[in-house]
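# Notes for the structure review
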Amino acid sequence: MNNPPPTLTLLGTGQDGGVPQAGCGCDNCSAAFENAARARFPVSLGVQDLDGGMHLIEATRALPEQLRLWANACGLDNPVRPDSVLLTHAHLGHIEGIGQFGREAMGCQNIGLVVSDSVASVLQSRNLMQPFTRIDRNNSGASPMLEQGGIRFEFIPVPHRDDSSDTHAILIAGGKNRVLFLPDHDDWKQTLELVGHSKPREWFDSLGLTHILLDATFWNGDELPSRDMTEVPHPTVEETISRLEDYTDEGPEIILIHLNHTNPLNDPNSPQSRLIEVAGLSIGTRGWSIEL
Ligand SMILES: [Zn+2]
Ligand SMILES: [Zn+2]
Ligand SMILES: [Zn+2]
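Our subject in this report is the structure included herewith. (Residues numbered from 1 in each chain as written. Chains lettered and ligands numbered in written order. Predicted model: local features only at pLDDT ≥ 70, side-chain atom pairs only at ≥ 80, totals over all residues.)

## Some thoughts on the overall build of the protein chain
Each helix and strand in the protein chain was counted, giving eight helices and 14 strands. Dimensions of the protein chain, computed from C-alpha atoms along their principal axes, come out at roughly 45 × 40 × 40 Å. Residue burial in the protein chain is summarised as follows: out of 292 residues, 43% are buried. Taking contacts inside the protein chain between residues at least 6 apart in sequence as the whole, the part at least 24 apart equals 70%. (Helix = DSSP H or I, 4+ residues; strand = E, 2+ residues; numbered from the N terminus. Buried ≥ 20, exposed ≤ 12 C-beta atoms within 10 Å, placed from the backbone. Contact = placed C-beta atoms within 7 Å.)

## Things to note about the environment of Asn-177
If you trace the backbone, Asn-177 turns up in the loop between β9 (168-173) and β10 (178-182). The class of Asn-177 is partly exposed, set by 17 C-beta atoms lying within 10 Å. For the pair Asn-177 and Gln-109, spaced 68 residues apart in sequence, the C-alpha to C-alpha distance is 31 Å. With residues up to four places along the chain from it excluded, the contact list for Asn-177 reads Thr-210, His-211, Ile-290 and Leu-292.

## A closer look at the sheet that holds strand β7 (residues 145-148)
Strands sit in the order β7-β8-β9-β10-β11-β12-β13 across an open sheet of seven strands; the sheet is mixed. Two strands bound the open sheet, and with one partner strand each, they are β7 and β13 (282-283). (Pairing = 2+ DSSP bridges.)

## Focus on unusual backbone geometry
Note on backbone geometry: most residues besides glycine have negative phi, and most peptide bonds are trans. Backbone torsion omega between Val-19 and Pro-20 reads 0°, so that peptide bond is classified as cis. Here Pro-20 lies in the loop between β1 (7-12) and α1 (27-34). Even without glycine at this site, Glu-58 takes up a positive phi of about 75°. With respect to the helices and strands, Glu-58 occurs in the loop between β3 (54-57) and α2 (63-74). With phi around 60°, Asn-110 is a residue other than glycine that occupies positive phi space. When you line up the elements, Asn-110 lands in the loop between α3 (92-95) and β5 (111-114).

## As for the environment of Ser-118
Position of Ser-118 relative to the elements: it lies in helix α4 (residues 117-125). Put simply, Ser-118 and Phe-33 are 85 residues apart on the chain and 36 Å apart in space, counted from C-alpha to C-alpha. Each residue touching Ser-118, except ones within four places of it in the same chain, is listed here: Ser-165 and Asp-166.

## Section: the pairing of β1
Taken across its six residues, β1 has five buried, putting it largely inside the fold. Here β1 pairs with strand β2 (residues 44-48) via five bridges, running antiparallel. By the bridge assignment for β2, Gly-12 is matched with Ser-44. Where β1 and strand β14 (residues 289-291) come together, three bridges link them in antiparallel fashion. Its bridge partner lying in β14, Leu-8 is registered against Ile-290.

## Quick notes on the sheet that holds β2
Pairing is mixed in the open sheet, where seven strands are placed in the order β6-β5-β4-β3-β2-β1-β14. Of all the strands in the sheet, the pair left with one neighbour each is β6 (132-134) and β14. Mean inter-strand twist for the sheet, computed between neighbouring axes without regard to direction, equals 25°. Where β2 and β3 come together, four bridges link them in antiparallel fashion. The partner of Leu-45 across the bridge, within β3, is Ile-57. Against the sheet, α2 makes contact with β1, β2 and β14, and its axis sits at roughly 145° relative to β1, the strand it touches most. (Axes fitted to C-alpha atoms, helices over the stretch in contact; angles between N-to-C directions.)

## Focus on α1
Every buried residue belonging to α1 is among Asn-28, Cys-29 and Ala-32, and all of these are buried. Down the axis of α1, the smallest arc covering the buried residues is 100°, so these residues share one side. (Arc of directions from axis to C-beta.)

Below you can see the structure in the form of structure tokens.
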């Protein structure tokens, strides 16, 4: 029997708090309560490699649903039990499900863990390392990397309020497609400086990308009237679109993810959602998948 093709599946498209967010009665959260299709799990990806190895990127509090959704997308009968887990950083929504792998729930052992040293020490300090064995790299100081079953996962450092750990984007490369997963970064100027390019498009081209799963936390700076938005820095979608002004059909496909519950892109009928379509970008949907 032939192995299934390597596949990447989008398991969640929301910001850390998901949609609906706890304690919120905004229009987007209310709509998500009424209609499951409007809900967003916190962001997560599942990658099945050429040998059938299963690699989970981010462990969210929606882990039970996401492991089942991933199995359905891959045509498997039972929810996935991942062979490895990769984490971009240690903010709550990205690691909230990590405890589920331990004794109190799944009782896993020797799951490969691919994380930076600082993320590992956060997990260690919370006593969450027992189900895992780190398999990330052999030369200390370098960014984590994993190459398995014809898929390469390359961690790329990005600036993102490093209050609990450092933060990475992950380049996921197979024989057919090269996908950049960039759920969180502080601002384009710092990120571009760090990677040595002046425009996002130049950076994307230098990586040979076919797809980008891109931070779209906030539409613009007016979204959190009761909170200081400088405490939660992300480039706004408005800014991202203007920086992509020279976007053409030839470039990689840009898929917006990590939507905060306040983002008008949560409403498929909002003028902003239409604008995204016109700009040639798309909004991530749960269960979307591509062959790698
Ligand atoms: Zn996040
Ligand atoms: Zn809300
Ligand atoms: Zn974060």
